[in-house]
Amino acid sequence: MGRDADPSIREGLLEQVLGYLLEHGLADLSLRPLAEAIGSNARMLIYHFGSKEQMIIDALALAQTKQLEALAHTPPPKTSAEAELQHLWQWFSSDAFLPFSKLLFEVEVQAFNGNELYLSFSQQTLNGWLQFVQSRFAGCDAVTAHLIVSTFSGLLLDVVINNDVQKVNATFDAFAALIGPKLTTVSTSPQD
């Protein structure tokens, strides 16, 4: 009978795996080079995560949790919904966030190609971002939240593919000007 895995070792490995994935992406990902780069071995990674796919999902989930926590601790601007949209776009289009976006796009392609684990994760991620958007705007319905998340996602994909940040930012500004007046930030809602 084997010993139970030490959760602190798993957590440390997960942080290192996430760093590796953000730097190298999923294309041609192999456990041996990853394990070597983080000072471990492929057998240890499988022991702690069960499979390469589960390890990737766990790393992405960790990244999303960290991002949502960081965003939750930044208060929404009290000026306007358009300013809040701009604030969120600056976060999501930042150099710090783009590697995560690229990785998530790679996972979504695998989900589209039939990987059930990646499909489930992609759906959970989408639902998490929808809930986050609804938490930032008073009375934001599901359709409006979906429009915002889908627009962010499409524009981020444009940045990743074309690297024309100026054009994408101008497009986002037009979107924020259109939808901003229809929204109210949570901090400026009449309940305050």
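Look up: the structure comes first, before these words.
What counts, and at which threshold
- Residues numbered from 1 in each chain as written.
- Predicted model: local features only at pLDDT ≥ 70, side-chain atom pairs only at ≥ 80, totals over all residues.
- Heavy atoms only, no water.
- Helix = DSSP H or I, 4+ residues; strand = E, 2+ residues; numbered from the N terminus.
- Contact = heavy atoms within 4.5 Å.
- Areas by Shrake-Rupley, 256 points an atom, 1.4 Å probe, with all protein chains shown as cover.
- Lys, Arg positive; Asp, Glu negative; His and termini not counted.
- Charge placed at Lys NZ, Arg CZ, Asp CG, Glu CD.
- Buried < 20%, exposed > 50% of the residue type's maximum accessible area, 1.4 Å probe, protein only.
- 1 Å grid on protein atoms, 1.4 Å probe; cavity = no way out; pocket = protein on both sides within 12 Å on 5 of 7 lines; lining within 4 Å.
- Points joined across faces, edges and corners; volume = space filled by probe spheres on them.
- Nonpolar A, V, L, I, M, F, W, Y, C, P; charged D, E, K, R; others polar.

Give a description of the overall build of the chain that names residues and reports values.
Scanning the chain from N- to C-terminus turns up nine helices and zero strands. Reading the chain from its N terminus to its C terminus gives the helix and strand order α-α-α-α-α-α-α-α-α. Taken along the three principal axes of its C-alpha coordinates, the chain extends 60 × 40 × 30 Å. Considering only contacts within the chain whose residues lie at least 6 apart along the sequence, 68% involve residues at least 24 apart. Carbon and sulfur atoms make up 55% of the accessible area of the chain, which totals about 10800 Å². Charge-centre separation for the chain: the mean point of 11 positive side chains lies 4 Å from the mean point of 21 negative side chains.

Tell me about unusual backbone geometry, and please be specific about residues and values.
If you check the backbone angles, Asp28 has positive phi at about 60° while not being a glycine. Residue Asp28 is classed as exposed on the basis of its relative accessible area, which comes to 79%. One non-glycine residue with positive phi stands out, namely Asn163, at about 55°. When you line up the elements, Asn163 lands in the loop between α8 (142–162) and α9 (165–179). For Asn163, a relative accessible area of 60% translates into the label exposed.

Requested: an account of the layout of surface pockets, with residues and values cited.
Looking at the largest pocket, its volume works out to about 390 Å³. Leu104, Glu108, Trp129, Val149 and Ser153 are the residues nearest the centre of the largest pocket, which is lined by 21 residues in total. Elements that contribute at least two residues to the lining of the largest pocket include exactly α5 (81–92), α6 (98–112), α7 (116–136) and α8. Of all the elements, α8 adds the most residues to the lining of the largest pocket, at seven residues. A per-class count over the lining of the largest pocket returns 14 nonpolar, six polar and one charged.

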